Amino acid sequence: MTYDSDDVQKILQIALTRKQEGEFSREQLIEMASELGISPNILEKTEQKWLAEQEEEGLRHKFNTFRRRGFQSHFVTFFAVNLFLVVLNLITSPSYFWAIFPILGWGLGLFLHWWSVYHSKTEDYEIAFQKWRSQT
């Protein structure tokens, strides 16, 4: 029976997971790579790329948390102010519901803020992330 490289990788990954549930040392990683015929140069480049990807992923997570907290703050403010306006409207002029206008206007802005925060596959997200990243 023969295996292609993807099958070998999957089998070895499962075997390694079963063999050792803990962590591997860097020396073990180098030893495994040499047994698989992977040169130290390729391993070093791959490791550096992986570390950079891990750092990028961590930064994106922090950025998403930062943006979501900003949206939550915006939502709480929207709710509190508009609740006050509705109560004020009902006390001062219950026959005419004027509070709907600020609710609708600000609600549109709140919706657009929600859209920009929770849809992170856009070019605007990338631009905002790069700007935030350069400031941190």
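This write-up is about the structure you can find in this document. Every chain is numbered independently, its residues counted from 1 as its sequence is written. Whole-chain, interface and lining totals are the exception, using all residues; otherwise, since this is a predicted model, local features are given only for residues with pLDDT of at least 70 and side-chain atom pairs are given and counted only at 80 or more. Hydrogens are left out, water is left out, and the side-chain values use all remaining heavy atoms of the structure.

Considering the nonpolar core
Only buried Ala, Val, Leu, Ile, Met, Phe, Trp, Tyr and Cys residues count toward a nonpolar core, and they belong to the same one when joined by side-chain atoms within 4.5 Å. Note on classification: 1.4 Å probe, protein chains only; a residue is buried when its accessible area is under 20% of the maximum for its type, exposed when over 50%, partly exposed between these limits. Grouped together as the largest cluster of nonpolar side chains are five residues: Leu59, Phe63, Tyr125, Phe129 and Trp132. To qualify as a helix, a DSSP run of H or I must reach at least 4 residues; to qualify as a strand, a run of E must reach at least 2; elements of each kind are numbered from the N terminus. Elements represented by at least two residues in this core include exactly helix H3 (40–92) and helix H5 (123–135). Broken down by element, this core gets its largest block of residues, three residues, from H5.

Quick word on the environment of Val117
Following the sequence through the fold, Val117 ends up in helix H4 (residues 100–118). Look at Val117 and you get buried, because its relative accessible area is 5%. As a C-alpha pair, Val117 and Arg67 span 50 residues in sequence and 6.1 Å in three-dimensional space. Here, two residues are considered to be in contact whenever any of their heavy atoms come within 4.5 Å of each other. Each residue touching Val117, except ones within four places of it in the same chain, is listed here: Arg67, Arg68 and Phe71.

Focus on the pattern of salt bridges
We define a salt bridge as a side-chain nitrogen of Lys or Arg found within 4 Å of a carboxyl oxygen belonging to Asp or Glu. Applying the stated criterion across every chain, the model contains three salt bridges. Taking the shortest distance from any N to any O, the salt bridge between Glu56 and Arg60 comes out at 3.1 Å. Here Arg60 and Glu56 lie together in helix H3, a separation of four residues that amounts to about one turn. One salt bridge connects Arg133 with Glu56, and the closest N-O pair in it is separated by 2.7 Å. In this pair, Arg133 is assigned in helix H5 and Glu56 in helix H3, connecting sequence segments 77 residues apart. By relative accessible area, Arg133 is classed as partly exposed at 30%. One salt-bridge network, held together by shared partners, links Glu56, Arg60, Glu126 and Arg133.

Focus: a nonpolar patch on the surface
Patch definition: residues with relative accessible area over 30% and no salt bridge; like charges joined within 9 Å; nonpolar side chains (Val, Leu, Ile, Met, Phe, Trp, Tyr) joined within 5 Å. Only the protein chains shown count as covering a residue, and every accessible area follows the Shrake-Rupley method with a 1.4 Å probe. A surface patch of nonpolar side chains, about 820 Å² in accessible area, is lined by Met1, Tyr3, Val8, Ile11, Leu12, Leu36, Ile38 and Ile42. Per-element accounting of the nonpolar patch gives the leading share, three residues, to helix H1 (residues 5–19). In this fold, Leu12 is placed in helix H1.

Remarks on the packing of aromatic side chains
Centres within 6.5 Å are what make two rings of Phe, Tyr or Trp a pair, Trp counting through its six-membered ring; a difference in plane orientation under 30 degrees is then read as stacked, over 60 as edge-to-face, and the rest as tilted. Within the structure shown, the criterion is met by 12 aromatic pairs. Note on Phe71 and Tyr118: the rings are 5.9 Å apart at their centroids and 90 degrees apart in plane angle, and the pair reads as edge-to-face. You can see Phe71 sitting in helix H3 and its partner Tyr118 sitting in helix H4, a full 47 residues away along the chain. Under the relative-accessibility criterion, Phe71 is labelled buried at 11%.

Description of the layout of surface pockets
In the cavity and pocket records, a cavity denotes points on a 1 Å grid over the protein atoms alone where a 1.4 Å probe fits but cannot get out, a pocket denotes an open set with protein on both sides within 12 Å along at least 5 of 7 lines, and lining residues are residues with an atom within 4 Å of a point. Grid points are joined across faces, edges and corners, and a volume is the space filled by probe spheres set on the points. Looking at the largest pocket, its volume works out to about 1,000 Å³. Counting residues per element, the lining of the largest pocket draws most heavily on H1, at eight residues. Of the residues that constitute the lining of the largest pocket, the class distribution is 13 nonpolar, seven polar and four charged. Just so you know the grouping, Ala, Val, Leu, Ile, Met, Phe, Trp, Tyr, Cys and Pro go in nonpolar, Asp, Glu, Lys and Arg go in charged, and all remaining residues, Gly too, go in polar.

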